[in-house]
Amino acid sequence: MSEPLRIGILGAARISGASLIGPARATGHRVVAVAARDRSRAEAYAAEHGVERVAGSYAELIADPEVEVVYNPLANGLHGPWNLAALAAGKHVLSEKPSASNAEEAAEVREAAAKAGTVFMEAFHYLFHPVTRRLHEVLASGEIGELRHVEAMVAIQAPPDTDPRWSLPLAGGAVMDLGCYSLHALRMLAPWAGGAPRLVSARGGQRVRAPGVDEWLDADLAFPGGATGSARCHMAYDGLEMSCRIIGSRGEVLAPNFVLPHTDDRVVVRTGDGERTERLGTRSSYTYQLEAFADRVRGGAPLPLDADDAVTTMTLIDAAYRAAGFEPRPRLS
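What counts, and at which threshold
- For every chain, the first residue of its written sequence is number 1, and the numbers climb from 1 along that sequence.
- Owing to the predicted nature of the model, reporting of local features is limited to residues with pLDDT of at least 70; listing and counting of side-chain atom pairs is limited to 80 or more, with chain, interface and lining totals taken over all residues.
- Just so you know, side-chain values use all the structure's heavy atoms and leave hydrogens and water out.
- Here, a disulfide means two cysteine sulfur atoms that sit within 2.5 Å of each other.
- For every residue, the accessible area obtained with a 1.4 Å probe (protein chains only) is divided by the maximum for its type, and the residue is called buried under 20%, exposed over 50%, and partly exposed between those limits.
- Lining residues are defined by having an atom within 4 Å of a point belonging to a cavity or pocket. Those points lie on a 1 Å grid over the protein atoms alone, cavities being sets where a 1.4 Å probe fits but cannot get out and pockets being open sets with protein on both sides within 12 Å along at least five of seven lines.
- Grid points are joined across faces, edges and corners, and a volume is the space filled by probe spheres set on the points.
- Helix and strand assignments follow DSSP, with helices taken as H or I runs no shorter than four residues and strands as E runs no shorter than two, numbered in order from the N terminus.
- Amino acids outside the nonpolar list (Ala, Val, Leu, Ile, Met, Phe, Trp, Tyr, Cys, Pro) and the charged list (Asp, Glu, Lys, Arg) are all regarded as polar, and Gly is one of them.
- At least two DSSP bridges between two strands are needed for those strands to be called paired.
- Within this document, salt bridges are pairs made up of a side-chain nitrogen of Lys or Arg and a carboxyl oxygen of Asp or Glu, the two lying within 4 Å of each other.
- Here is the rule: rings of Phe, Tyr and Trp (six-membered ring for Trp) pair when centre to centre is within 6.5 Å. Planes less than 30 degrees apart are stacked, more than 60 are edge-to-face, and the remainder are tilted.
- Distance and angle both matter: a charge sits over a ring if NZ of Lys or CZ of Arg is within 6 Å of the ring centre and within 35 degrees of the ring normal.
- The contact criterion used throughout is that any non-hydrogen atoms of two residues lie within 4.5 Å.

1. Quick look at the state of the cysteines
Part 1: A full pass over the atoms with the stated rule returns zero disulfides.
Part 2: A disulfide-free cysteine, C233 has its sulfur positioned 8.4 Å from the sulfur of C180, the nearest such atom.
Part 3: No disulfide involves C244; its nearest neighbouring cysteine sulfur is the one of C180, lying 14 Å away.
Part 4: You can call C244 buried: its relative accessible area is 3%.

2. Section: the layout of surface pockets
To find the voids left in a structure, one rolls a probe of water-molecule size over its atoms.
Part 1: Of the volumes computed, that of the largest pocket is approximately 1100 Å³.
Part 2: Surrounding the largest pocket, 33 residues form its lining, A13, R14, I15, P73 and R165 being those nearest its centre.
Part 3: Elements that contribute at least two residues to the lining of the largest pocket include exactly α1 (15-27), α4 (76-88) and α7 (174-187).
Part 4: Partitioned by chemical class, the residues of the lining of the largest pocket number 19 nonpolar, five polar and nine charged.
Part 5: A volume near 210 Å³ is recorded for the second largest pocket.
Part 6: Lining of the second largest pocket is provided by 14 residues; of these, T118, F120, R296, D306 and A307 occupy positions nearest its centre.
Part 7: Residue assignment for the lining of the second largest pocket shows that the elements contributing at least two residues are α5 (103-116) and α9 (307-323).
Part 8: Looking at the lining of the second largest pocket residue by residue, the classes come out as eight nonpolar, two polar and four charged.

3. Remarks on unusual backbone geometry
Part 1: Of note, the amide linkage connecting K97 to P98 takes the cis form, showing an omega dihedral of -15 degrees.
Part 2: Position of P98 among the secondary structure elements: in the loop between β5 (92-95) and α5.
Part 3: With phi around 60 degrees, A171 is a residue other than glycine that occupies positive phi space.
Part 4: Tracing the sequence through the fold places A171 in the loop between β7 (147-155) and α7.

4. Overview of the sheet that holds strand β6 (residues 120-122)
Part 1: One open sheet holds the six strands; their spatial order is β3-β2-β1-β4-β5-β6, and the pairing between them is parallel. Two strands bound the open sheet, and with one partner strand each, they are β3 (53-54) and β6.
Part 2: Alignment of β5 against β6, held across three bridges, turns out to be parallel. Residue pairing for β6: L94 is matched across the bridge by M121.

5. Points about the pattern of salt bridges
Part 1: Taken as a whole, this structure holds 32 salt bridges when the rule is applied.
Part 2: We note a salt bridge from R30 to E66, for which the minimum N-O separation is 2.9 Å. In this pair, R30 sits in strand β2 (residues 30-35) while E66 sits in the loop between α3 (58-63) and β4 (69-72), placing the two residues 36 residues apart along the sequence.
Part 3: Of the residues examined, R30 reaches a relative accessible area of 30% and is grouped as partly exposed.

6. What about empty space enclosed by the protein?
Part 1: Evaluation of the coordinates by the stated rule reveals one cavity of 30 Å³ or more.
Part 2: Quantified by volume, the largest cavity comes out at close to 60 Å³.
Part 3: In terms of lining, the largest cavity is formed by Y126, T132, L135, H136, A185, L189, C244, I246 and F258.
Part 4: Residue assignment for the lining of the largest cavity shows that the elements contributing at least two residues are α6 (130-141) and β11 (241-248).

7. A word on the packing of aromatic side chains
Centre-to-centre distance and the angle between the planes together describe a pair of aromatic rings.
Part 1: Applying the stated criterion across every chain yields a total of six aromatic pairs.
Part 2: Centroid distance Y126 to Y181: 6.2 Å. Interplanar angle 75 degrees. Geometry classified as edge-to-face. Taken together, the residues Y126 in the loop between β6 and α6 and Y181 in helix α7 connect sequence positions 55 residues apart.
Part 3: Note on Y126 and F258: the rings are 5.4 Å apart at their centroids and 90 degrees apart in plane angle, and the pair reads as edge-to-face. With Y126 in the loop between β6 and α6 and F258 in the loop between β12 (251-255) and β13 (266-271), this pair connects stretches of sequence that are 132 residues apart.
Part 4: Taken together, F124, Y126, Y181 and F258 form an aromatic cluster joined through their ring pairs.
Part 5: Over the ring of W166 we find R207; its NZ or CZ atom is 4.2 Å from the centre of that ring.
Part 6: One Lys or Arg, R283, reaches over the ring of Y288 and ends 4.7 Å from the middle of that ring.

8. Description of the side chain of E105
Part 1: Among the structural elements, E105 can be located in helix α5.
Part 2: For E105, a relative accessible area of 2% gives the class buried.
Part 3: Non-local contacts of E105, meaning those with residues more than four positions away in its chain, are made with G80, P81, A100 and R331.

Written as C-alpha cells, this is what we have:
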C-alpha cells in the first residue's frame, strides 16, 4: 500500500464515524486531527474514535502541516467557506455534499481548487459502490433496451425542528440533504441518454415553521435522447426510501437503496425473460469512496467526481429551487 493519507476532520459530526473514520481504519489511513467549536467535544470525539490529536479550531486544523486532507462534514452552509479555506491552505479536500450553498459559491470553490492544484471531491459515495456500477452496467449492456425513464426517490423521517437541516441560514432543505442524490443519480446516466438532463419543472412544499426551507421537492427532467426522469426527495416522510429505478424499452433495473447500498445491496432486473435479484456486497460505499480518493491523491488515478461536477450539480439544484418557487440557498452571512 502507498503511504497512508493524513486526514483532519472539521467538526465532531456523528456521520464521520461511518463516513470517514471507519473507512480510514479499514483501509489503513490516518485520522491525525479533529477540531470542533467546543474543544471538550473534540476531545471526547477523539477519545471515542481514536483520532490522534485535537486542534484548537477549524483554522488551526487547516494550518496544521501534518494534515494533508481535510474532510468537511459540517452543516451545509459551512461547506463553501471551509472548503475555500482548506484549498487556500493547499490541502486536498473531501467535502460532504453539497460542496457549497449555491452555484455561485460552488464556482468559487472550483476556482480555488484549480488554483491550489490539489484534489477536491464532493462525497457522493454511492457512485463508488458496486450497486451503482451494476445499474450502469445493466443499462449499458442493452439488456433492458433503450433508456426511457428513470425515477430516483430519497426520503427520510423528519429530523428534529432544531436540526441544522431545517435552517435556511445554514443552507438547509430537503434538496440540499437528500435531493442532491436524486439529481446526481440522474445526471450520471448522461452517457446512455444522449447527454446531460435539463430541468423541465419542479414543485415543492415548505416546512412549517421554517420559511423558505423545502420539506419536499419533486423535479421532472428530460434527456437529449428523449428519455425522461423524476428526481424526488422528502425530509418528513413516513419511512425511509432511497430507490433508483431505471426503465428501458425491454425491461427495468431497480436498486431499492442506492444511497446506502451497504444496508441493502440488491439490484433487481426485470425483463420479458423474468426477474432476478443480484447481491453486490455489504462493504460500505464510504470505504470504496475513500479508496478511490486516496488512489487519486497518491497515484493520480481518475475520479468521476471533481469541482466541475460539483458546480453542475449545484446549478441544477438552484434551478430546481427556482422552478419550485424557492430561492437558492443563501451564502453564510
